[in-house]
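# Residue-level structural notes
Each chain is listed here by its residues.
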Amino acid sequence: MRLKIYLVRVLLMLFLLIFFAEFLVYYIVLWQCKWPSSTDPNATTAPVRAMLFADPHLLGPFRGHWLDKLRREWQMHRSFQSAVTLFHPDVIFLLGDVFDEGKWVNDPQFQHYLDRYFRIFSTHGSTSRLYSIVGNHDIGFHYAAHPYLTERFYREMNTSGVQLISINDVHFVTINSVAMEGDGCMLCERAERELIKISYQLECAQGNGNCDKIPRIKGSYSRPVILQHYPFYRQSDEECQQTDIEKMEKYREGWEVLSKDATKLINKLLKPRVGFSGHSHHYCHLRNRLMNNMDEYTLASFSWRNKNNPSFLLTEFTKTTHSVSKCDMPKETTVIAIYIIGALLSLIVPCIKISSLSKKFKNVLNLSHKRNKSKY
């Protein structure tokens, strides 16, 4: 009988432990994060609140153990769903490397990828819209990016090489970093044409040039926000004013960062006010960047597989201002520690006899009551 009671108590403790470590802890940690605030006295529209994250690297059929895949995907699913529930963003941007093996999988395997992607990062039941930007793991690095893989990603994700998304006078420009090689390839030429077209649209919104045949942008002009997978060119993260990287490494043009030429081209054509990227798996914030004195943020990976302390950004934009808040997610080491401590307590606590504790508590109350009587 005692063994049966003990086992019931252990199972109950373990259930509470799993519920806390696999569900409740995400709300507790993310609840500490808040939306930043942008003040624009001249704003005529509501600010745009955007959630940004990068590099989930969903595993495919070739790499990683099934348990690794299950664990990391559950972590990302709970982090994403908890964030959407708590913060209700207007729009969500995923900045590339959605899939870890997108460049290798065939169509049936890619379809399986898509099913998991839409399940893990589902926005069903919310008003948030999710946009996903292409990364090198989705289609391959520049010289391995087959047109079929690129078009497959564009088609299934409803995106393109360069895309203008306008919300409440805030203009987001998404860019395929892999297509910014500038070597005249078909992929690059198409992306550059789209980039130039958007630059004309932005110029015309300011009343510059002959704009009879140029499509109008939605809303009035404001300097755009750049969203891409590769960061703009920098030598290393030593240039960052804020970073969470531990080991600094030199970056190569066209591999870890955009080339100098691509960086200059984007900034010359679009004149952005702020840029966001991923790819390095580490957080970095730089101020007064390039010719436009813009801010640049590189996002940490969203997955435990790439980082013990993943994070994402909550951002708020008006026509002339932007503000950013970095949100830390539960650390993998913290969750492991919760399981170790919780498992030990689950074995020890049920051994304590509730009846003996109750008797001791009653004795303490009686003793206290007698002492109070003796005073009178």
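### Things to note about the overall build of the chain
The helix and strand inventory of the chain stands at nine helices and twelve strands. Referenced to the eigenvectors of the C-alpha coordinate spread, the extents of the chain come out at roughly 100 × 55 × 40 Å. The proportion of buried residues among the 376 residues of the chain is 49%. In the chain, the proportion of contacts linking residues at least 24 apart, taken out of those at least 6 apart, comes to 74%. As displayed, the chain has an accessible area near 19,400 Å², and 58% of this comes from carbon and sulfur atoms. The positive charge centre, built from 47 side chains, and the negative charge centre, built from 36, are 15 Å apart in the chain.

### A closer look at the environment of Asp183
Along the polypeptide, Asp183 turns up in the loop between strand E5 (170–175) and helix H6 (186–205). For Asp183, a relative accessible area of 39% translates into the label partly exposed. With sequence-adjacent residues up to four places away left out, Asp183 is seen in contact with His142, Tyr143 and Cys188.

### Notes on the state of the cysteines
Applying the stated criterion to the full structure yields three disulfides. The side chain of Cys204 participates in a disulfide bridge whose partner is Cys211; the two sulfur atoms lie 2.0 Å from each other. In this structure, the disulfide formed by Cys204 and Cys211 twists by about -95 degrees around the S-S bond and is classed as left-handed. A disulfide bridge connects Cys240 with Cys284, and the sulfur atoms are separated by 1.9 Å.

### Comments concerning the sheet that holds strand E11 (residues 311–317)
The strands that make up a sheet are held in pairs by hydrogen bonds between backbone atoms, and each pair lies either parallel or antiparallel. What the five strands build is an open sheet, ordered E3-E2-E1-E11-E12; its pairing is mixed. The sheet is open, and its two borders are formed by strand E3 (129–132) and strand E12 (322–328), each paired with just one other strand. Each adjacent strand pair in this sheet contributes to an overall mean axis angle of 20 degrees, direction not counted. The pairing of E11 with E12 spans seven bridges and is antiparallel. Its bridge partner lying in E12, Glu316 is registered against Ser323.

### What about the sheet that holds E5?
The seven strands lie next to each other as E4-E5-E6-E8-E10-E9-E7, forming an open sheet whose pairing is mixed. Of all the strands in the sheet, the pair left with one neighbour each is strand E4 (162–167) and strand E7 (242–243). In the sheet, strand E8 (residues 274–281) pairs with strand E10 (residues 294–300) via five bridges, with the strands oriented parallel. Pairing of Gly275 across the sheet is with Glu296, part of E10. Relative to the sheet, H6 contacts E4 and E5, its axis offset from that of E4 by approximately 30 degrees.

### Focus: the side chain of Ser280
The topology assignment puts Ser280 in strand E8. You can call Ser280 buried: its relative accessible area is 16%. Ser280 has contacts with Tyr251 and Thr298, leaving out every residue within four places of it along the chain.

### Topic: unusual backbone geometry
Of note, the phi angle at Asp55 is positive, near 55 degrees, even though the residue is not glycine. For His57, which is not a glycine, the phi torsion comes out positive at approximately 50 degrees. Following the sequence through the fold, His57 ends up in the loop between strand E1 (48–53) and helix H2 (66–87).

### Digging into the packing of helix H1 (residues 2–30) against H2
In a packed pair of helices, the relevant descriptors are the angle between the two axes and the axis-to-axis distance. Contact pair H1 / H2: the axes reach a minimum separation of 9 Å and the direction vectors enclose 45 degrees. Our classification of the angle between H1 and H2 gives oblique. Handedness of the crossing formed by H1 with H2: right-handed. Within the contact between the two elements, H1 uses Glu22, Phe23, Tyr26, Tyr27 and Leu30 and H2 uses Arg71, Trp74, Gln75, Arg78, Ser79, Ser82, Ala83, Thr85, Leu86 and Phe87. In terms of residue class, the contact of H1 with H2 is built from eight nonpolar, four polar and three charged.

Thresholds applied
- Residues numbered from 1 in each chain as written.
- Predicted model: local features only at pLDDT ≥ 70, side-chain atom pairs only at ≥ 80, totals over all residues.
- Heavy atoms only, no water.
- Helix = DSSP H or I, 4+ residues; strand = E, 2+ residues; numbered from the N terminus.
- Buried < 20%, exposed > 50% of the residue type's maximum accessible area, 1.4 Å probe, protein only.
- Contact = heavy atoms within 4.5 Å.
- Areas by Shrake-Rupley, 256 points an atom, 1.4 Å probe, with all protein chains shown as cover.
- Lys, Arg positive; Asp, Glu negative; His and termini not counted.
- Charge placed at Lys NZ, Arg CZ, Asp CG, Glu CD.
- Disulfide = S-S within 2.5 Å.
- Pairing = 2+ DSSP bridges.
- Axes fitted to C-alpha atoms, helices over the stretch in contact; angles between N-to-C directions.
- Parallel < 35°, antiparallel > 145°, perpendicular 65-115°, else oblique.
- Left-handed = near helix turned anticlockwise from the far one by under 90°.
- Nonpolar A, V, L, I, M, F, W, Y, C, P; charged D, E, K, R; others polar.

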